[in-house]
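Inside the fold
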Amino acid sequence: MTEEANVTHRAGLVSGDHAEATGDRAAGEGDLRRVGIDPHFWYPVARSAGLPRGKVLAASFAGQRIALYRGAGGTAYALEDRCAHRQVPLSLGVVEGETLRCCYHAWAYRGNGRVSRIPYLPKGADRPPSGVRSYPVRERYGLVFVFPGDPARAEAAPLPVLPEAASPRHRTMMFERTVRCHYSFLHENLLDMNHQVLHRGVLGRIHPELLGYDTGPSSVEARYRFVPAGGRKDWGAGLLSAEGKGGSTTPDVVTIRTGYPYQTLRVVPESSGTAAFSLWAAYVPEDLEQRVSRVFGLLTIAKPAFPGGLHLAWPLIRRFTERVFAQDRMAVEAEQRAWDEQGEDRNQEVFPLILDVRKVLRANGTPLPHPDAPTGCPHADACADARMNG
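Definitions and limits used
Residues numbered from 1 in each chain as written. Predicted model: local features only at pLDDT ≥ 70, side-chain atom pairs only at ≥ 80, totals over all residues. Heavy atoms only, no water. Helix = DSSP H or I, 4+ residues; strand = E, 2+ residues; numbered from the N terminus. Buried < 20%, exposed > 50% of the residue type's maximum accessible area, 1.4 Å probe, protein only. Areas by Shrake-Rupley, 256 points an atom, 1.4 Å probe, with all protein chains shown as cover. Salt bridge = Lys/Arg side-chain N within 4 Å of Asp/Glu carboxyl O. Pairing = 2+ DSSP bridges. Axes fitted to C-alpha atoms, helices over the stretch in contact; angles between N-to-C directions. Left-handed = near helix turned anticlockwise from the far one by under 90°. Contact = heavy atoms within 4.5 Å. Nonpolar A, V, L, I, M, F, W, Y, C, P; charged D, E, K, R; others polar. Core = buried A, V, L, I, M, F, W, Y, C linked by side-chain atoms within 4.5 Å. Lys, Arg positive; Asp, Glu negative; His and termini not counted. Polar contact = N/O pair within 3.5 Å; in protein donor to acceptor, adjacent residues only side chain to side chain. Expected span 1.5 Å × (residues − 1).

Now for the overall build of the chain. Each helix and strand counted, the chain has seven helices and 21 strands in total. Residues classed as buried in the chain amount to 48% of the 390 residues present. Roughly 18,500 Å² of accessible area belongs to the chain as shown, and the carbon and sulfur atoms make up 53% of that amount.

In structure tokens form, the structure reads like this:
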């Protein structure tokens, strides 16, 4: 990677761009909370286990309503969630073989969005030339991914590569939660480990030392050393830290990466070099304004040497992660409420790492529709092309 594409920062360094910033925005930069997420990636919208054969689910991506269904052969499909006839949600319909039938007038749709049958249509009458938009679908790691952008770009777009989530030597815990905030608040929350005072009742007192970070056109990766400073720690936290990996007293090194649009976290005890656990997260906007996010997370934990140990510890680990997530959700939702009340971002950010991740999110995002613009699909051109070519 060239020097221009990847600049390494050390704790305490502030670039010239940061020195020129007023608050958290340099002159000419727009409000990050008005930047939409790029639709040209694969985004999880449901768990595979929650979509059995013959089942229909309602999902959404940034104001696009999506009807997910699984046909009799096991294939998952994703269609625009409105019948071409009367705009009734197709997610209220029923699955018949590989088709989805609307609950209102029984129009049937194939997985490509084309109308396959209108039961009351006279013989010889033409069916509508176009049906509804279909979305490319893939399944991996127990999640259903859709590609909400231009379908022509789906084949070249890679799915996340998570080898530990597919390894028999690891066990994965899945999370799915709604958080009422813009996705950028979630990226900032995980990257900025200086907020550990929020978790003092779960993690005890921890001193996070920023060892350094790297930033590029579409990524920021930070490295922290977590030094315990006393206080009581949740049992689940101990099982995931150095103490839970053989009783080591060495600090953990935490590596957090925003690789647009996903985020990862790895915790490695300094003495072992082997990850105690890793986290992959995707923040999927649900509404058109992108102020509500569906969070999908995969927490992957290495199995200990003694059989059954992780199974016994699983409830404690689950409780710990739920407590941490609840505290983080409280904070980021409070940030979003402040933005809503003020009508703009008035944050006075000073941490260079977060200033840089905001630049990455701005540079890779897409403008949100203007508040006064007509509502509807925010990617109307792609929707129209998909209907015509379905």
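Let us look at the pattern of salt bridges. As enumerated under the stated definition, the model contains 18 salt bridges in all. Measuring nitrogen to oxygen at the nearest pair gives 3.3 Å for the salt bridge that ties E80 to R82. Its relative accessible area of 7% is what places E80 among the buried residues. A relative accessible area of 27% means that R82 is categorised as partly exposed. As a salt-bridge pair, E221 and R257 come within 3.5 Å of each other at their nearest N and O atoms.

A few words on the sheet that holds strand β13 (residues 143-146). Strand order across the open sheet formed by three strands is β3-β13-β12, with antiparallel pairing between neighbours. Each edge of the open sheet carries a strand with a single partner, namely β3 (43-47) and β12 (137-140). Strand-to-strand twist of the sheet, defined as the mean angle between neighbouring strand axes without regard to direction, takes the value 35°. Pairing geometry for β12 and β13, over four bridges, is antiparallel. In the strand pairing of β13, V137 is matched with V146.

Now for the packing of helix α2 (residues 183-191) against helix α6 (residues 352-364). Running from amino to carboxyl end, α2 crosses α6 at an angle of 145°, the nearest separation of the two axes being 10 Å. Seen along the crossing, α2 lies across α6 with a hand that is right-handed. Contacts between α2 and α6 pair Y183, S184, H187, E188 and L191 from the former with L353, I354, V357, R358 and L361 from the latter. The residue makeup of the contact of α2 with α6, split by class, is six nonpolar, two polar and two charged.

Formed by 72 residues in total, the largest nonpolar core has its most connected members in L68, Y224 and L353. In terms of residue count, strand β19 (residues 277-285) provides more of this core than any other element does, six residues in total.

With that settled, the discussion passes to the side chain of E349. Mapped onto the elements, E349 comes out in the loop between α5 (309-342) and α6. We note that E349 is buried and unpaired, the nearest opposite charge coming from R358 at a distance of 4.0 Å. At 2.9 Å, the side chain of E349 and the backbone nitrogen of F351 are in polar contact.

Here we come to the side chain of Q263. Here Q263 lies in strand β18 (residues 262-269). Overall, Q263 belongs to the buried group, its relative accessible area being 0%. Within polar-contact distance, the side chain of Q263 engages the side chain of T258 at 2.9 Å. Discounting residues that sit within four places of it in the chain, Q263 has contacts with L186, H187, L190, L191, I256, R257, T258, L279, W280, A281 and Y283.

Here we take up the sheet that holds strand β4 (residues 56-61). Spatially, the four strands line up as an open sheet ordered β4-β5-β6-β11, and their pairing is antiparallel. Lying at the two open borders of the sheet, with one neighbouring strand each, are β4 and β11 (134-135). Sheet analysis places β4 next to strand β5 (residues 64-70), joined by six bridges and oriented antiparallel. Its bridge partner being in β5, S60 is matched across the sheet by R65.

Owing to its 3.6 residues per turn, the α-helix brings residues three or four apart onto one side. For α6, with 13 residues, the first-to-last C-alpha span of 19 Å sits near the 18 Å given by 1.5 Å per residue. Judged by how many residues are buried, α6 sits mostly within the fold: ten of 13 residues are covered. Along α6, the residues that are buried comprise P352, L353, I354, L355, D356, V357, R358, V360, L361 and R362.

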